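Single-letter residue listing:
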Amino acid sequence: MDFAGAVDSVLEATIVPSFTRIGPAVRSRLDHWGPPASGLDGRVIVITGATSGLGLTAARAWASAGATVEIVARNPEKAAATRDRLQAEVADAHIGIVVADTGDLAAVHRAADELRGRHARIDALVHNAGALDATYATNPDGIEQTIASQVVGPFLLSALLYDALVAAEPGRIIWVSSGGMYTEPLAVDRLTMDADVYNGTTAYARAKRAQVTLCEMMAERVDPGRLVVHAMHPGWALTPGVERSLPTFRRVVGPLLRSPDEGADTLVWLAADDGAPRNTTGSFWLDRRVRPLHKRSNTRNSDDPAERRRLWEWVVDTSKTEFPPGAAHDG
């Protein structure tokens, strides 16, 4: 292992320096990072959850590099305000909006129809929408909202946009997960929670665990020359979501939280760079390096072929679609 790799391993093992702003401050120098995005003229990037926080920061970076950015958001007023803001901030920005809640499967179908109508080719689809909801709610199909919006809906949108993505050869699907997924094992029976036992933080972590598993499984099912799939987590970044949902964490970690640019860097890079993000697939990233999926033995032991198969079958059955479209339901 070289010096940069050794330092990186120490940071990752100690967690707090890795996840806070110390991580990118050190790693960017060790690995000689360049800008995360440049020369994106002609590319189309679709991102959910980009009206604030890391999604907004990423959308701005891609638009500044010349990409057409399509923002999928559930609130039409916020979506329009975000479009207007980015067009004011970025000269000649190409910003589109699609109004849809990723937890509403009928709305996901409509959003996909709209996006396919605009673009024969989509270079990247970024699943970034990810609220941590303190209150229990269900989607119109009766599915708990966290899982519906962060697992089922994104899986469905990936399948519906598959043809446009593979037209990019390779297109990219990127799941924005969270370091919180390290706390939860893969357990399909516990993936959705009932109202009487609902805990927003736990539901969020379980959804994020499912996302990184689906990333690997999706990557196994497609030709990497046509489509690559990545997952990442941004570390501990200061976002409106953190301030709203985790106020105690915000106070304790305080000045060590990453800036939005630091938190979004790897996301921007994965969608834009034509090196490792284009030529690899199925990995979980932080700070432009591949990271392990497990830090605890209980989560590692739960991640077995049978449970993975159960997750895949559950998502396929719940979304009423396969990935890639038309594939046999073989688990």
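The residue count restarts for each chain, going from 1 along the sequence in the order it is written. Totals for whole chains, interfaces and linings use all residues, but because this is a predicted model, local features are given only for residues with pLDDT of at least 70 and pairs of side-chain atoms are given and counted only at 80 or more. Side-chain metrics in this entry use all non-hydrogen atoms of the structure; hydrogen atoms and water are not considered.

Draft legend 1. Representation of the pattern of salt bridges. In the sections that follow, a salt bridge refers to a side-chain nitrogen of Lys or Arg positioned within 4 Å of a carboxyl oxygen of Asp or Glu. Tallying each qualifying case throughout the model produces 24 salt bridges. Salt-bridge contacts for Asp-8 lead to Arg-27; the nearest nitrogen and oxygen are separated by 2.7 Å. Linking Asp-8 in helix α1 (residues 3-14) with Arg-27 in helix α3 (residues 22-30), this pair joins segments that are 19 residues apart in sequence. Pair check on accessibility: Asp-8 and Arg-27 agree, each one buried. Its salt-bridge partner being Arg-291, residue Asp-8 comes within 2.7 Å of it at the nearest N-O pair. Here Asp-8, found in helix α1, pairs with Arg-291, found in the loop between β8 (289-290) and α14 (297-302); they are 283 residues apart in sequence, far enough to count as distant. The numbering of helices and of strands both runs from the N terminus, where a helix is a DSSP run of H or I of at least 4 residues and a strand a run of E of at least 2. Think of it in three bands: with a 1.4 Å probe and only protein chains considered, a residue is buried below 20% of the maximum accessible area for its type, exposed above 50%, and partly exposed in between.

Draft legend 2. The arrangement of the packing of helix α6 (residues 105-118) against helix α7 (residues 145-160) in detail. Relative to each other, α6 and α7 sit at 30°, their axes nearing to 10 Å. Here α6 lies roughly parallel to α7, going by the angle between them. Remark: the crossing between α6 and α7 carries right-handed chirality. Contacts between α6 and α7 pair Leu-105, Val-108, His-109, Ala-112 and Arg-116 from the former with Val-152, Gly-153, Leu-156, Leu-157 and Leu-160 from the latter. Angular values range over 0 to 180 degrees, each being the angle between N-to-C directions of two axes fitted as lines to C-alpha atoms, with helices fitted over their stretch in contact. Convention used here: angles under 35 degrees read as roughly parallel, angles over 145 as roughly antiparallel, angles from 65 to 115 as roughly perpendicular, and any remaining angle as oblique. We call a crossing left-handed when the near helix sits turned anticlockwise from the far one by less than a right angle, and right-handed when that turn is clockwise. By the convention used here, residues are in contact when the closest approach between their heavy atoms is within 4.5 Å.

Draft legend 3. Inspection of the packing of aromatic side chains at higher detail. Stacked, tilted and edge-to-face are the three classes applied to pairs of Phe, Tyr and Trp rings, where Trp contributes its six-membered ring and a pair requires centres within 6.5 Å; stacked means planes under 30 degrees apart, edge-to-face means over 60, and tilted covers the rest. The final tally for this structure, using the stated rule, is eight aromatic pairs. Where Phe-19 meets Trp-236, the ring centres are 5.4 Å apart and the plane angle is 85°; that geometry is what we call edge-to-face. With Phe-19 in helix α2 (residues 16-19) and Trp-236 in the loop between β6 (227-232) and α10 (240-245), the pair connects residues that are 217 residues apart, well separated along the chain. Overall, the relative accessible area of 4% leaves Phe-19 in the buried class. Here Trp-236 falls in the partly exposed class, since its relative accessible area comes to 22%. Here the aromatic residues Phe-19, Tyr-182, Trp-236 and Phe-284 are joined through ring pairs into a cluster of three or more. Should the NZ of a Lys or the CZ of an Arg lie within 6 Å of a ring centre and within 35 degrees of the ring normal, that charge is described as sitting over the ring. Residue placement shows Arg-221 over the ring face of Trp-312; its charged tip is 3.8 Å from the ring centre. Sitting over the face of the ring of Tyr-182, Lys-295 holds its NZ or CZ atom 5.0 Å from the ring centroid.

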